[in-house]
Amino acid sequence: MIQLKKIDKYYDSRFQRTFILKGVNLEVKQGEFVSIMGPSGAGKSTLLNIIGLLDEASAGEYYFWDEPAHQIKEKQKVMYHRSHIGFIFQAFHLIDELNVYENIETPLVYRGVKGKERKALVADLLDRFNIVAKKDLFPSQLSGGQQQLVAVARAIIGSPKLLLADEPTGNLHSEQGEMIMSLLKKLNEEGMTIIQVTHNEKFAQYGTRIVKLVDGLVQEDYPVTNRS
Amino acid sequence: MIRFKLKLAIRNLLKNKLYSSLIIGGFAIGFTACILIALFYNAEHNVNKHFARHEQIYRLYDAKKNESGLDYKINAVIAEQYPDVEETCPLGFSYFPMTIKDAETKDYARVQYIISTNDRFFDVFSIPILSSLEDKPFSQLNSAVITESVAKQLFGDKNPLGRTIKQEFFTATVTAVMKDLPDNSSFKAELLLNSENKDFQMSQACNNGVCIYPVEHFLMLRNGIDPTQFAETLNASIGQYNTTVDSLALQNLSDIYLSTMNLGWTDEHTKGNSKMLLVFLAIAILIILLSSINYLSYTVSMQYAKMKEIGINKTNGAGKMHLLVDSFLEVSIGIVIALLVSVLLVSLFLPATEILFGKEINFNNIDFYQLLPVFAATIAGIILLNSLAPIYILSRFNITDFLSAGRKRTGKQLGKQAMLTFQLTVSIALIAAVMLIYKQLQYVKHYDLGFNEEHLLRVELPFLFENQKALKDEVGKLPFVTGSTLSNGYPGHINMSMGSGVEGDEFMVNCIYVSDDFLETFGLKLLDGRNFLSGDKDQACLMNEAAVKRYGWENLDGRKYNNGREGGYNVIGKVNNFNVESLHSTLTPVALMYNPDREFNTLSMRLLPGNIGEQINQIRKVWKSMLPTDPMEFTFYNDQFQAMYSKEEKLAKSITFFSLIAIVLTCMGILGQIFLISLNRTKEIGVRKVNGAKISEILVLLNKDFVVWVVVAFVIATPIAYYAMNKWLESFAYKTTLSWWIFALAGVLALGIALLTVSWQSWRAATRNPVEALRYE
């Protein structure tokens, strides 16, 4: 599904070139749940952003469903964001001015889904996530775990093929974190491909495979043996 | 989808209620001012356009002499000899207030606008006759046509037709009543007199023994006739019929009001001021610029604040179009709200436009077909301009910037600084202008007129009133009257001027016929020679300094004023200069001629300070005993001179009003800037405070930039304001000085206003707990 070949990401300053990522090769198959781990500054988030088409690699090739994603245009990127990729962030990134219902609805609006259908889809998801009672609340009225729950709902409402999570539990305490992680695991079991960046060894065990990144290089890449 | 976006836009506006309402309110105020000015401007430009066939109506004038008062006889010639002219009518004006009386009931009405004309008047100007005795409005030689409102005033509910009206100069029969002229006409009429009657001619001009009745001629050309060509035809052949004119030109009716040509005294009275209109237009444009700038910096800052939201929307699949539509909606909503508020404000302010512009704006006088496209284009322009901001931001940043650094701003925001400096420049220039206008007004108002105008009362005397002297004596007996004198003409209204009587050095001398006690009553000083003695009757005159200087006399021995009568007048003394006109014009030579037995039109009295109402009542009692049927019209000289500056006073008031709006808008701009700056520098402030910066140091840090901008604005504003003000002062003969302190004070005021505005916000930023500030990171 995803194929990265010799991906470099660097910034040029006056006298030197600082590499964030250097020659990263990675292949992710459909249905995998990959946890990218590594110390701060290893380039985890940058890698995720490149995979999510939020950022561009400085060099290398990136194939998304065998399409050369390193060559596509802005407009196509928007199409990918609309239909193929969902995002979850550490800071939730909900829109403060919209309530729960509207936040979840947003991607459908941009996709041009009709109002009735939107209603049905959102209601379905609210029900599934058990947050029907909270649908009229605004992000500031929710706990962190609930906010992330809404963010997950928003990320998957368009039934994307790929879910990218940038430290989804980073701002949550452990109980809430576990709740989110088991939700992600469940989604994965239902067939969704997930790539997450995490610091948490324990939460990495929810996935099927761990990729360790150090100083922009893939150091280790191994499957999870006893998945929790 | 639109509903979804509208909801988002409105919530975004509500998020920062104070800031949004400040900006939208400011925009509404600015827009209100502009709408008012636009309405006024449009009304002024549509003067005379209500006449149904104004496009075909032209006024005849002499291009060589720059005069529109031409021989009355030309009218008949044109009507008969030139088939290109459909209709033509003469208009002789008198704008001197008069009292007309109903001959039977002795009821009276005061009318000011009298025109002598003929039957064609009503065809040319398409003015409906409400009722008339016969077919034609002027059916008799001494016919008069009065307007509806004069009829009501004079005759009440009685039928005015066939009644006789009297005035000192004429007696006429009302043969028709016409509708009132619309108020946005360049000429006014309350009473029309039949011009066929020689007695109804308003003025006479003689030159080398040939006398003509100068009147204005209005021609209605046939459809499709070119006015310039017609004027040529006219000049080529008019000589056969009339020799007084040879260089005629035509001026369209609708051009008269705002034309820069001054073709006669009626123009001075009734014409609009195109310069003033330009000033107002400039102010309107400045105000709309100021408020647009505020709005623009508001939208820009909103976009920055929304960066996170933009990022989220982008990851959720929003295309550029979506984001642009979002911003566009948000911008438009704010502007539409501002517009609605301003429409409300305009409807509230409309009755007060009289105070602002000296003329109430009437919707009937406004051509909305001209105005609406201008409004629509302005609003569209502002919305477009404001939509540029989001385009700029969207193109400049990358999606990860949006998500990670919601408040990162790079580089010095030169654009914003330039905009703020512009606002400050406008404010400083306007403050200076307002101060100078007031300084000049104070100067002319308190300028020594040369005579003591305080407690000096003037009463108009009716024509053919024989007991003038008795009235003067009776009034003089009242205990509070310290002096009284009769005169023909008075300071402020000269009705006679004669040539200098020196061959080879012709200049005009303003003449006032006076009776006894003139110098004493007016408080004029005799500088040389002696006052009038009874033997001087009709033989002697006094001259003012300006006259003596103009003649070049070193002493008065045996000097004569050789004009007005056989043998001239002996100049027996010299008095100090005094103003007989407003201070728009310089001191002119004045001669006071002594003849206590002639007829006068004015009785002037000096009163002791006291209860004015009671004093007037007593004078009126004396008046009634001698003139039971005539109303007493009185004026105080100081009021009369103050009234000469009413135009300037109105200008001062309205410019002050609009300047205040401009300054308030600038304050809002400054407030918006400091709001953003302190938000941007929250972290910096926090870090500095943690490292031991004092509140005062933070304040200096935040306020320093504004001081620099005020200084830059001051440097730009001063020469502009100086130039403009110098131009304005040129219209005064007596001008105050353009002191340096006006500009300095304007700069200091602007600085003070700016710092006060800034400090309100920067104090808040500086005193905030640094922990709070640093928590953002």
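What you are looking at is a predicted structure, and each value in this text was computed from that prediction instead of being measured.

A. Summary view of the sheet that holds strand β5 (residues 67-68) of chain A. Residues and elements named next belong to chain A. Judged by pairing direction, the sheet is antiparallel, and its four strands sit side by side in the order β2-β1-β4-β5 without closing on themselves. Of all strands in the sheet, those with a lone pairing partner are β2 (17-28) and β5, marking the two edges. Two elements, strand β4 (residues 59-64) and β5, share two bridges in a ladder whose sense is antiparallel. Within the sheet, the bridge partner assigned to F64 lies in β5 and is E67. Contacting β1 (2-12), β2 and β4, helix α1 (residues 44-51) crosses the sheet at an angle of about 60° to β2.

B. Main features of the pattern of salt bridges. Per the stated rule, a full pass over the model turns up 22 salt bridges over all chains. A salt bridge links K9 of chain A to D55 of chain A; the nearest nitrogen and oxygen atoms lie 3.3 Å apart. Pair noted here: K9 of chain A is in strand β1 and D55 of chain A is in the loop between α1 and β4, with a separation of 46 residues, a long-range link. Each of the two residues, K9 of chain A as well as D55 of chain A, counts as buried. Put simply, E216 of chain B and R59 of chain B hold a salt bridge, and the shortest N to O gap is 3.0 Å. In this pair, E216 of chain B is assigned in strand β14 (residues 214-221) and R59 of chain B in strand β1 (residues 57-62), connecting sequence segments 157 residues apart. Since its relative accessible area comes to 4%, E216 of chain B is described here as buried.

C. How the structure looks around the interface of chain A and chain B. Contact with chain A, which involves 24 residues of that partner, is made by 24 residues of chain B. Interface of chain A and chain B: buried area, both sides summed, is about 2,200 Å²; carbon and sulfur atoms make up 59% of it. Per-residue buried area on chain A facing chain B is highest for H93, E97 and Y110 of chain A; these three make up 32% of the total on that side. Put simply, K7 of chain B and E102 of chain A hold a salt bridge, and the shortest N to O gap is 2.8 Å. On inspection of chain A and its partner chain B, the count reaches six residue pairs in polar contact (both at pLDDT 80 or more). Listed by contribution, the elements that provide at least two residues to the side of chain A that touches chain B are α2 (74-83) and α3 (100-111) of chain A. Here the side of chain A that touches chain B is composed, by residue class, of eleven nonpolar, five polar and eight charged.

D. Here's a closer look at the pairing of strand β21 (residues 540-544) of chain B. All names here are of chain B. Counting buried positions over the five residues of β21 gives five, a clear majority of the element. Where burial is concerned, the two faces of β21 agree: the one with A540, L542 and N544 and the one with C541 and M543 are both buried. As paired strands, β21 and strand β23 (residues 569-575) are joined by five bridges and run parallel to one another. Note on β23: the bridge partner recorded for M543 is K574. As paired elements, β21 and strand β24 (residues 590-594) share three bridges and run antiparallel to each other.

E. Region of the structure containing the sheet that holds strand β3 (residues 33-37) of chain A. All names here are of chain A. Pairing is mixed in the open sheet, where six strands are placed in the order β6-β7-β8-β3-β9-β10. The open sheet has two free edges, formed respectively by β6 (85-88) and β10 (217-223), since each of these has just one partner strand. For this sheet the average axis-to-axis angle between neighbouring strands, irrespective of direction, equals 15°. Looking at chain direction, strand β7 (residues 162-166) and strand β8 (residues 193-197) are connected through five bridges and run parallel. Across the sheet, A165 pairs through a bridge with Q196, a residue of β8. This element, helix α5 (residues 144-156), spans β6 and β7 of the sheet and lies at about 170° to β6.

F. Structural view of the nonpolar core. Residue and element names in this part refer to chain B. By size, the foremost hydrophobic cluster in this structure holds 100 residues, and its most contacted members are F357 and F658. Residues from two domains meet in this core; each of domain 1 (1-47 + 282-410) and domain 3 (415-449 + 643-777) gives at least three. Filtering out sequence-adjacent residues up to four positions away, F357 remains in contact with L36, I37, F40, F280 and F658. Grouped together as the second largest cluster of nonpolar side chains are 38 residues, V475, L486, Y561 and M605 included.

G. Quick peek at the domain arrangement of chain B. What the domain assignment lists for chain B is domain 1 (1-47 + 282-410), domain 2 (54-270), domain 3 (415-449 + 643-777) and domain 4 (463-629). A separation of 34 Å is found between the C-alpha centroids of domain 2 of chain B and domain 4 of chain B.

H. Geometry of the environment of S604 of chain B. All names here are of chain B. Topologically, S604 is positioned in strand β25 (residues 602-607). For S604, a relative accessible area of 0% translates into the label buried. Distance in space between the C-alpha atoms of S604 and I287 is 48 Å, their sequence separation being 317 residues. In this structure S604 touches L457, R458, G483, S484, T485, T521, F522 and Y637, once residues within four positions along its chain are discounted. Polar contacts involving the side chain of S604 include one to the side chain of Y637, which spans 2.9 Å.

I. Here's a closer look at the packing of aromatic side chains. Taken as a whole and judged by the stated rule, the model has 33 aromatic pairs over all chains. Summarising the aromatic geometry, the rings of F121 of chain B and F122 of chain B are spaced 5.3 Å apart at their centres and angled 85° between planes, so their arrangement reads as edge-to-face. Like F121 of chain B, the residue F122 of chain B is buried in the burial classification. With 5.4 Å between their ring centres and 65° between their planes, F125 of chain B and F218 of chain B make a pair best called edge-to-face. Highlighted residues: F125 of chain B in the loop between α4 (120-124) and β7 (129-132) and F218 of chain B in strand β14, separated in sequence by 93 residues. The exposure class assigned to F218 of chain B is buried, which follows from its relative accessible area of 1%. Linked through ring pairs, F51, F93, F121, F122, F125, F138, F187 and F218 of chain B together constitute an aromatic cluster. We note R17 of chain A situated over the ring of Y10 of chain A; from NZ or CZ to the ring centre the distance is 3.9 Å. Here the basic side chain of R764 of chain B rests over the ring of W760 of chain B, its NZ or CZ set 5.5 Å away from the ring centre.

What counts and what doesn't
- Residues numbered from 1 in each chain as written.
- Chains lettered and ligands numbered in written order.
- Predicted model: local features only at pLDDT ≥ 70, side-chain atom pairs only at ≥ 80, totals over all residues.
- Heavy atoms only, no water.
- Pairing = 2+ DSSP bridges.
- Helix = DSSP H or I, 4+ residues; strand = E, 2+ residues; numbered from the N terminus.
- Contact = heavy atoms within 4.5 Å.
- Axes fitted to C-alpha atoms, helices over the stretch in contact; angles between N-to-C directions.
- Salt bridge = Lys/Arg side-chain N within 4 Å of Asp/Glu carboxyl O.
- Buried < 20%, exposed > 50% of the residue type's maximum accessible area, 1.4 Å probe, protein only.
- Buried area = accessible area lost by both parts, 1.4 Å probe.
- Polar contact = N/O pair within 3.5 Å; in protein donor to acceptor, adjacent residues only side chain to side chain.
- Nonpolar A, V, L, I, M, F, W, Y, C, P; charged D, E, K, R; others polar.
- Core = buried A, V, L, I, M, F, W, Y, C linked by side-chain atoms within 4.5 Å.
- Domains from an automatic or database assignment.
- Phe/Tyr/Trp six-rings, centres within 6.5 Å; stacked < 30°, edge-to-face > 60°.
- Lys NZ or Arg CZ within 6 Å of the ring centre and 35° of its normal.

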